[in-house]
There are 2 protein chains.
Amino acid sequence: MSVDDVLREVLQRIVPSAEERERVARVVDKVLRALERASREEGVDVIAEVEGSFAKDTWLAGDVDIDVFLLFSPATPLDELRRQGLLVARRAAEVLGAEWEERYASHPYLTLKVEGYSVDVVPAYRVSSPLEILSPVDRTPFHTMYVRSRFEERPSLKDEVRLLKRFAKGVGVYGAEIRVEGFSGYLLELLVLHYGSFKSTIAAAANWRPYRTFIDLERHYKDRREALKKFQDPLVVVDPVDPRRNVASPVSLESMCKFIAASRAFLRAPSTSFFYPPESAERPLDELLRSRAVVAIKTTIPRLPEDVLWGQVKRAIRALSNGLERAGFTVYSSHAWASGDVLILLFELESLTLPPLEKHYGPPVYSDHDVRFITKYLRGGAVAGPYIEGDRWVVIRRRKLRGVEQALAKLISTYNVGEHITECLRRGYEVYVGPRVAEASADPEYRTQLTRWLERKYPWLSS
Amino acid sequence: MSVDDVLREVLQRIVPSAEERERVARVVDKVLRALERASREEGVDVIAEVEGSFAKDTWLAGDVDIDVFLLFSPATPLDELRRQGLLVARRAAEVLGAEWEERYASHPYLTLKVEGYSVDVVPAYRVSSPLEILSPVDRTPFHTMYVRSRFEERPSLKDEVRLLKRFAKGVGVYGAEIRVEGFSGYLLELLVLHYGSFKSTIAAAANWRPYRTFIDLERHYKDRREALKKFQDPLVVVDPVDPRRNVASPVSLESMCKFIAASRAFLRAPSTSFFYPPESAERPLDELLRSRAVVAIKTTIPRLPEDVLWGQVKRAIRALSNGLERAGFTVYSSHAWASGDVLILLFELESLTLPPLEKHYGPPVYSDHDVRFITKYLRGGAVAGPYIEGDRWVVIRRRKLRGVEQALAKLISTYNVGEHITECLRRGYEVYVGPRVAEASADPEYRTQLTRWLERKYPWLSS
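A. Quick look at the side chain of B:Ser252. Residues and elements named next belong to chain B. Mapped onto the elements, serine 252 comes out in the loop between strand E8 (242-246) and helix H10 (253-268). Accessibility expressed as a relative area gives 17% for serine 252, which makes it buried. One polar contact links the side chain of serine 252 to the main-chain amide nitrogen of serine 255, over a distance of 3.0 Å. Setting aside anything within four residues of it in sequence, one finds serine 252 in contact with Glu181 and Pro234.

Next comes the structure, spelled out in structure tokens:
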């Protein structure tokens, strides 16, 4: 299949039809009117404005999230903005008869369910310049404005953005949230504006180098060196509306590299599987677990904002991996699964049991702690030594904890793996080892994710 | 036992008696006369001069090596010096009816056995200043001169040197040769001259810090910083007769630290065992080997000058250790034993067998080698992946070589572990694993050293 054939097929699925556009527009209109009525009734001075992919017309058919901002005067105190924002949003939900849920990013916002569509109602400040923002979300209206005005010159770019979004989703790097550490919609829009099309973006990304790639649409910086010195991120895309900000700063090295790798693979062998990953025939979980050295820790976690949760999860994984490595284990890979109040941390190790002896390093010979170390091990417990290696005292001794279960128990009782999760673990946890890891949750989604993590095969990768 | 009691006891054993002095002096005299006669008979213009510990009167009772230098005019071509030096030495051996052996340091020299004493006859140039030396041994006469003149002021320092030599021997750091990487006799003499006594040397060494300790008897350098910048060695003792040279440059970090540790231990609990290590009750070798993960490689090696041999041995151990680590093993310790034409390299590992799976890193995603890696592992051989970690392609795959025997076989057939030993190993070797390591040599000295290496306990260390 040629690139153009692939893109034609994908476009048919992602460009919204006239009917869908109308349907969504009606919902948006309804929401705006409800918000206006609510603010009037509550006596709140606020302007409701549509932002995001709907406002920019870059949303994907069957996959639209509506963002409505409630813009307050900068004179409003922050706690008033929060209080009044929620008040208006809740009142509008009542008017609409919509279900709603309170969420939290930099400050609280409401997500309404209106006729099956998810609508975020976000309070923000209406500032006169992006350099005067009072909270991070205040930048969004400027992003909407910038992108819309650029698309006016070339409306065809909107479909190019749609292709790139679907591609990023398909290869698993869409979204700036901490769980993904990937590409935001705005970032993908800027890439298309910079490179001119989906194809030229992919062609460029195939040659990207982490920590050397720099895009500056409005030429805020003199040269690449100046900008790369300021932004020490794998990918740097200067925000056209705010030179102090790297739009790509949430993109991790790994997400950038997945994007690079997928771009290279797409150019070599174009296929719709980059956009729509096919379900692969999975190997039985039991068989996978039996051939690997996997351990799972399951705990109960209170509801937290997504980014807070995943920030904590990543920190906990890092801390426990370090702890396991320090205890003598080799960690090949790690993963986390969270759903409801269940959190499962997964680790693949080189081995679930360590050899009986370990080499243990003591203080340098010139340290004042030498006597304690020497005395301790002369009295017993050393299989060899104390002897000197380089400038340090060393012993070979019997390992106290050989199994991963005991090692984790010790880590959990002594390590700080981050405020929230440390607390959760101290309250209670279960460890599953080897084939029993499959039993950590009965949720079929857990088994699917576990299988995929164990196989670690990209559906888009072909030889 | 007090420090003074210990030193008194040791001095009784190391200060030569009047009879022994006379006996050695007679031998030295005899050798000098034989060399003079030999040079006359061979028509070689040379001066025979006694150097080393006998000349400086710092030798230990029952433990004297006599060094006689044949000093040639600097006008003599190097090959003539070598030829004539050996000629005169061999002729003198004939005159004395002494057995002899040719050895090699910077150039060839002869070792004679005269009335049970070992006499080195070393050809060198008689230069007018240490800054004009033509070969490293030419410095020796200036060292002799310097130390003798300094001892004239304080003859009592000679016995302090004797104590320090016996101490360095006792704790295993005496000798500048590559096998030991320790303290030469001249270096110990300079330490006593600098610190003023055995006791103050030990007290100072107890507080030495590697890479920060600097001694400059003749104040050749402005300050410590200037000298430490030039000499990047753990211990710096500027040669009084040649500011360009660090007398302590052969001292390894480990030898310096052994000296520091022994000094600290001696101050805490003085004992004669620092000077005369007692035989410890050894644990049965079989039991030791059964509880440890040890492997031995035995090969045949041609006769080489000591320093060449041990330079090669250390390089081979380093290369094989690195190779084993790269293959996934953890090397806890290594050792070598050589006798006659047999060389045995010993490694203690964390484990003799590796787990079934390994994590294997491929190229970065942006490398042109990506296709080969991806294609290879998509076709088979990957248990997980190819997947991306950081900026690289990775797979989990089945390990090809799990046993240390196979891993060593592969290393030996592909690795360069240093010119000589690579050649020896390619010609033939045997690998002994676990308890069989005891059978690598029937030499009782091998079993003793193997046991000591496995126990790694310093006889001078007490709690």
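B. Looking closely at the packing of aromatic side chains. A full pass over the atoms with the stated rule returns 36 aromatic pairs over all chains. Look at B:Phe167 and B:Phe266: their rings are 5.9 Å apart centre to centre, the planes differ by 75°, and that puts the pair in the edge-to-face class. Of the two residues, B:Phe167 is situated in helix H6 (residues 157-170) and B:Phe266 in helix H10; the sequence distance between them amounts to 99 residues. You'll find B:Phe167 and B:Phe266 in the same group, each marked buried. When the centroid spacing of 5.9 Å and the interplanar angle of 80° are considered together, the rings of B:Phe198 and B:Phe266 count as edge-to-face. Here B:Phe198 is found in helix H8 (residues 198-205), whereas its partner B:Phe266 is found in helix H10, with 68 residues between them in sequence. Within the aromatic cluster, the residues linked to one another by ring pairs are A:Phe167, A:Phe183, A:Phe198, A:Trp208, A:Phe259, A:Phe266, A:Phe274, A:Phe275, A:Tyr458, A:Trp460 and B:Trp393.

C. Spatial organisation of the relation of the copies chain A and chain B. With an RMSD of 0.1 Å, the fit of chain A onto chain B corresponds to turning through 180° and sliding 0.0 Å along the axis. Viewed as a symmetry operation, the transformation between the two copies matches a two-fold axis. Interface overlap between copies is the fraction of interface residues in one copy that are interface residues in the other; for chain A against chain B it reaches 100%, indicating a shared surface.

D. Structural view of the confidence of the model for chain A. Counting all residues, the mean pLDDT for chain A is 95, and 100% of those residues have values of 70 or more. Scoring of the predicted complex yields 0.84 for pTM and 0.93 for ipTM.

E. Inspection of the sheet that holds strand E12 (residues 357-364) of chain A at higher detail. Pairing within the open sheet is antiparallel, and its three strands lie in the order E12-E14-E13 (chain A). Each edge of the open sheet is held by one strand with a lone partner, namely E12 and strand E13 (382-389) of chain A. On average, each strand axis in the sheet is inclined to that of its neighbour by 20°, with strand direction left out of account. Contacting E13 and strand E14 (392-398) of chain A, H10(B) crosses the sheet at an angle of about 110° to E13(A).

F. Broad picture of the pattern of salt bridges. Applying the stated criterion across every chain, the model contains 78 salt bridges over all chains. Ionic pairing is found between A:Arg162 and A:Asp57, a salt bridge with its closest N-O pair at 2.7 Å. Of this pair, A:Arg162 sits in helix H6 (residues 157-170) while A:Asp57 sits in the loop between helix H3 (52-56) and strand E2 (65-72), and the two are 105 residues apart along the sequence. The exposure classification of A:Arg162 matches that of A:Asp57, with both residues buried. Notably, a salt bridge pairs B:Glu358 with B:Arg397, separated by 2.8 Å at the nearest N-O pair. Residue B:Glu358 is found in strand E12 (residues 357-364), and its partner B:Arg397 is found in strand E14 (residues 392-398); the two are separated by 39 residues along the sequence. According to the relative accessible area criterion, B:Glu358 is buried, its value standing at 15%. Note on B:Arg397: relative accessible area 12%, which makes it buried. The structure contains a network of salt bridges with shared partners spanning A:Arg21, A:Asp57, A:Lys158, A:Asp159 and A:Arg162.

Calculation criteria
Sequence order as written defines the numbering, with residues in each chain counted from 1. Each chain is given a letter, starting from A, and each ligand a number, starting from 1, according to the order in which they appear as written. Residues qualify for local features only when their pLDDT is at least 70, as the model is predicted, and side-chain atom pairs are given and counted only at 80 or more; totals for whole chains, interfaces and linings, by contrast, use all residues. Note that the side-chain values use all heavy atoms of the structure and ignore hydrogens as well as water. In this description a helix means any DSSP run of H or I spanning at least four residues, a strand means any run of E spanning at least two, and both kinds are numbered starting from the N terminus. The cut-offs for exposure are 20% and 50% of the maximum accessible area for each residue type, with area from a 1.4 Å probe on protein chains only; residues under the lower value are buried, those over the upper are exposed, and the others partly exposed. Pairs of N or O atoms are called polar contacts if they sit within 3.5 Å, as long as, within protein, a hydrogen donor faces a hydrogen acceptor (for residues adjacent in sequence, only side-chain-to-side-chain pairs). By definition, residues are in contact when any of their heavy atoms lie within 4.5 Å. Side-chain rings of Phe, Tyr and Trp (the six-membered ring for Trp) are treated as a pair once their centres are within 6.5 Å; stacked means planes under 30 degrees apart, edge-to-face means over 60, and tilted covers the remaining angles. When the copies are superposed, the least-squares fit draws on C-alpha atoms of residues that have pLDDT of at least 70 in both. A residue's pLDDT is the predictor's confidence in that residue, given on a scale from 0 to 100. Pairing between two strands requires that DSSP report at least two bridges joining them. Orientation is described by lines fitted to C-alpha atoms, with helices fitted over the stretch in contact, and by angles between N-to-C directions that extend from 0 to 180 degrees. Any Lys or Arg side-chain nitrogen located within 4 Å of an Asp or Glu carboxyl oxygen qualifies as a salt bridge.

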